[in-house]
Every structure is written in C-alpha cells, then in structure tokens.
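# Reading the structure
Each chain, letter by letter, is given below.
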Amino acid sequence: MASLAARSPAGAYGWRPILIMATLFFSIGFVTWLNGPLITFVQVAFNLDDVSAFLVPVCFYLAYFIFPLPATALTRRIGLRRGLSIALVVMAAGTALFGECVNARWYAGALAGLTVIGAGLSLLQITINPYVSLLGGHDRAAQRIAIMGVANKFAGIVAPALFAVIVMPNVGGVAADIARTPPGPSRDAMLAAFTHAVHAPYAAMAAVLLLLAVFTARARLPDIAMETTAPRTRDRGAAAQPGWLATGALAMFLYVGVEVMAGDAIGLYGRSFGLSLDVTKYLTALTLAAMMAGYLAGMVLVPRVVDQERYMLLSCVGGILLCLVAMVAPGVVPVFCVALLGFANAMILPALFPIVLAEGGPEGGRTTSFLVMAYSGGAVLPQVFVHLVPVLGTTPSFMALAVPSYVFIGGWIVALRAGMRRPALATGRSEAP
C-alpha cells in the first residue's frame, strides 16, 4: 500500500485533500476567468476605450504584486488551513462589492471590488499552491497541479459561457442601441438595465464563496507547514540560489502575462479580425477549453513518458510555433492559434511552480510570496499589449510580447537543467531527472 501511495499523484495523504483543493481551484477559476468577458462588458456598460477597459485585469492582477508578502506573514501566523478559509471570505467580500458597484454604475468602485478579489486570491494562492505541491513527492507535483488546473480551467470554460448567456445574451445589439441613442434618460435606462444583470450572479457567487469558506474550515485536512520543502533539484545541501529564484520568478511573471493575454485579451484580438461582440464573448472559453485539454495531456504524459522539466520546454516550443503560424496565417486562423496557446500554456505553471519552490530550499514561504507576486504579469503584459496595438497592429503587438516570453521561459529551464548536471559530472553521479 505504501508503494501504491508513492506512485499515486495524490501522495501519502490520499485523494480527499486533493479533491477539496480541486474544489477551491474551481472557485479560483470561476472568479478569475470572468475577466475576459468582463472587459467586453465594462467597455459597453461604461462606454470605455480599450485602454480603460483593460484596467479590469490591471486591478485584478496588480493585487498579486501588493498582497503576497502580507499574506505570507498572515499565513505563517494562522497556518495554511485557516488561510484558505480567510482567503475565501475576502474573495466573497470583493465579489459582492464588485456586483454592487457595477449595479450602481460606479466604475472606480467596481475596480476596487476586483482589487479586493485579487487580495483574497493572493492569500489563497499563497496557501493552496505550496499546499498542493507538498501533499506528495516532488516528481508528481506537476501532476497534482495539473489536476488543479483541470478544475480551474473547467470553471474557466463554464464561467465565461454562463456570463455570456446570463449577463450578455445580446451584447452586440445592446452596444449598437446605446451607440444610436443620444445621452439622456432613455440611454441611462438602457445602461442601467444592462448593468443590473450583473447584480444577482455576483451576489450568488459571494454566497457560494462564503459556504466554501465554512466547508474548508470544517474539513479535516492534513497540517503542512509552509517551510516544508520538496527535495532540491540540484545539490540538496546547497542554500537557495538567489539568481535561480529571481529568474524563476521572472519566468512566472512572463508566463502569467502570456496566459492572461491568450485568455482575456483574445476578445480584443478577435474583434480586430472583424468578429462581432456576440462571437468574441465566447473566445475566452475557447482558450480555456484548449488549456484544459493541455492539462489532461500533461496528466497522462508526466512523468510516465516525459519529466516535468522537459514537458515544460516542449510547451514553450509549441507556444512559439503557434505564434509564428499566427503571424503568417490567413483569415481568422490567427485567432484560433491564440486560443490554442491555451494548450501550450497548460503545463508550464504546473511544472514551473514546484521547480522554483524546490529551488527555494527551506525558504518555502518567501519563495511562494515571490512566485505569487509574479502573477502581476497578468496586469502588466496585457496593458502593454493594448498600448502597442495602435502603434504596431494587433498580431505584431501580441507576438512581440508572447514570443520573447516563451524564449525566456524555455531558456530558463534549459539553463537550470544544465546547472543540475554540473555537480553530477564533477562527482561521477547523475542527479538530473
């Protein structure tokens, strides 16, 4: 039985904590991947230009830069398990605030609500990612995070589709009617009816998050200390290497930026090819469907066929090839290439997070903080993209950010693997995976 547990992705604690964590990752995905259709929604509801509408991911992901260090300090004080419950309560508060402010047609308040949601997610990510990574052996960590990714991206497929059907069933017609109607009571009534559709769904989401907080607090989960670490990928006796940690965090920054561009900015990308709002509102779900397929493939192949580091490198190569095809393909094929980046992106984070966490050695809490702070790439790269579009055009702007990011991430894992082999060559041992 012990050897069976060792071979299982769930690790020694069994599947129960994995399933509970997957439920929480579903909630993360449901809230996070609404940002794509939300960009379209606020653009219509508040009559915004592209740059102003892209403040949605800026406020959401910038919270990942601001809150991880305080969240880490709080988690050290209260523990990982209680941190999960408090994070869900904060997310519920932000979700309720966002719904109320949109209903009142107060854009600054709505952005504040997204920032509160991001603060809750920062705490949740600080607790849940190391928790899942450390539930079992390091070589199966990518598999466990891939399971979480399936739950996350399944929610990401469901959430934008539900949002499009419930909140924006005829967004193209509404946008056209608003454009034709001069400012005045009739236009205000039209906008009020459109924004009111958000209120009930977000109130329901806040209630569900509170129920999840209660459930998590009462669930019997194993106690895992933040400082618990996986075996180091190089010399086990060595201290944490600041260079590897810093460049690993930069790789995470670039990865999250590209992931958010492929998931949230694909609506703007599709509109540049002449696709209507009623079509582009579903494109985020298409990217996430490709991503979920990538997670499923990774769960089957890692580590049975290929180790997580090599699979991560192959994912970067796949992303580069899709970008190159998008630059020369005719018609709307580039839009589908961007959606397929979801498949290429899927297994990068599940491999990258535990690798960098292992490089952190005994400083797991600090390493996790830096990695979650790096999620702020989701705020920066999409905003750079939307500023570059008027200058370079949509496809060149997207690829000018995506291709170098994949090159850097792939180069980082190649350099790390080379560094892992050097001590082995010196001692005559082989510690490379």
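Relevant structure appears above.
Residues numbered from 1 in each chain as written. Predicted model: local features only at pLDDT ≥ 70, side-chain atom pairs only at ≥ 80, totals over all residues. Heavy atoms only, no water.

With that settled, consider unusual backbone geometry. Positive phi outside glycine occurs at N47, with the angle close to 55 degrees. Turning to its location among the elements, N47 is positioned in the loop between helix 3 (35-45) and helix 4 (50-53). Using a relative accessible area of 59% as the deciding quantity, one classes N47 as exposed. One non-glycine residue with positive phi stands out, namely R105, at about 55 degrees. Inspection of the secondary structure puts R105 in the loop between helix 7 (80-103) and helix 8 (107-133). (Helix = DSSP H or I, 4+ residues; strand = E, 2+ residues; numbered from the N terminus. Buried < 20%, exposed > 50% of the residue type's maximum accessible area, 1.4 Å probe, protein only.)

On to the side chain of N35. Positionally, N35 belongs in helix 3. N35 gets classed as buried once you look at its relative accessible area, which sits at 0%.

Let us look at a nonpolar patch on the surface. Together, V317, L321, L324, M327 and V328 make up a nonpolar patch on the protein surface, roughly 490 Å² of accessible area in all. Locating M327 in the fold gives a position in helix 17 (residues 308-328). Classification of M327 as partly exposed rests on a relative accessible area of 49%. (Patch = residues over 30% accessible without salt bridge, like charges linked within 9 Å, V, L, I, M, F, W, Y side chains within 5 Å. Areas by Shrake-Rupley, 256 points an atom, 1.4 Å probe, with all protein chains shown as cover. Salt bridge = Lys/Arg side-chain N within 4 Å of Asp/Glu carboxyl O.)

What follows covers the pattern of salt bridges. Counted according to the given criterion, the structure contains 6 salt bridges. The partner of R180 in a salt bridge is D177, and the shortest N-O contact between them spans 2.3 Å. Taken together, the residues R180 and D177, both in helix 10 (residues 171-180) and 3 residues apart, mark about one turn of the helix. Overall, R180 belongs to the exposed group, its relative accessible area being 60%. We classify D177 as partly exposed; its relative accessible area is 32%.

Attention now goes to helix 13 (residues 242-264). Given a rise of 1.5 Å per residue, 23 residues ought to cover 33 Å, and the 32 Å separating the end C-alpha atoms of helix 13 matches this to within 8%. By the criterion of burial, helix 13 is predominantly enclosed, with 17 of the 23 residues buried. (Expected span 1.5 Å × (residues − 1).)

As enumerated under the stated definition, the model contains 14 aromatic pairs in all. Arranged with centres 6.1 Å apart and planes meeting at 40 degrees, the rings of F26 and F30 form a pair that is tilted. Highlighted residues: F26 and F30, both in helix 2 (residues 15-32), separated by 4 residues, approximately one helical turn. Relative to F273, the ring of Y269 has its centre 5.2 Å away and its plane inclined at 40 degrees; by these criteria the two rings are tilted. Look at Y269 and you get buried, because its relative accessible area is 0%. Put simply, the rings of F60, Y61, Y64 and Y375 touch in pairs and so form one group of aromatic residues. (Phe/Tyr/Trp six-rings, centres within 6.5 Å; stacked < 30°, edge-to-face > 60°.)

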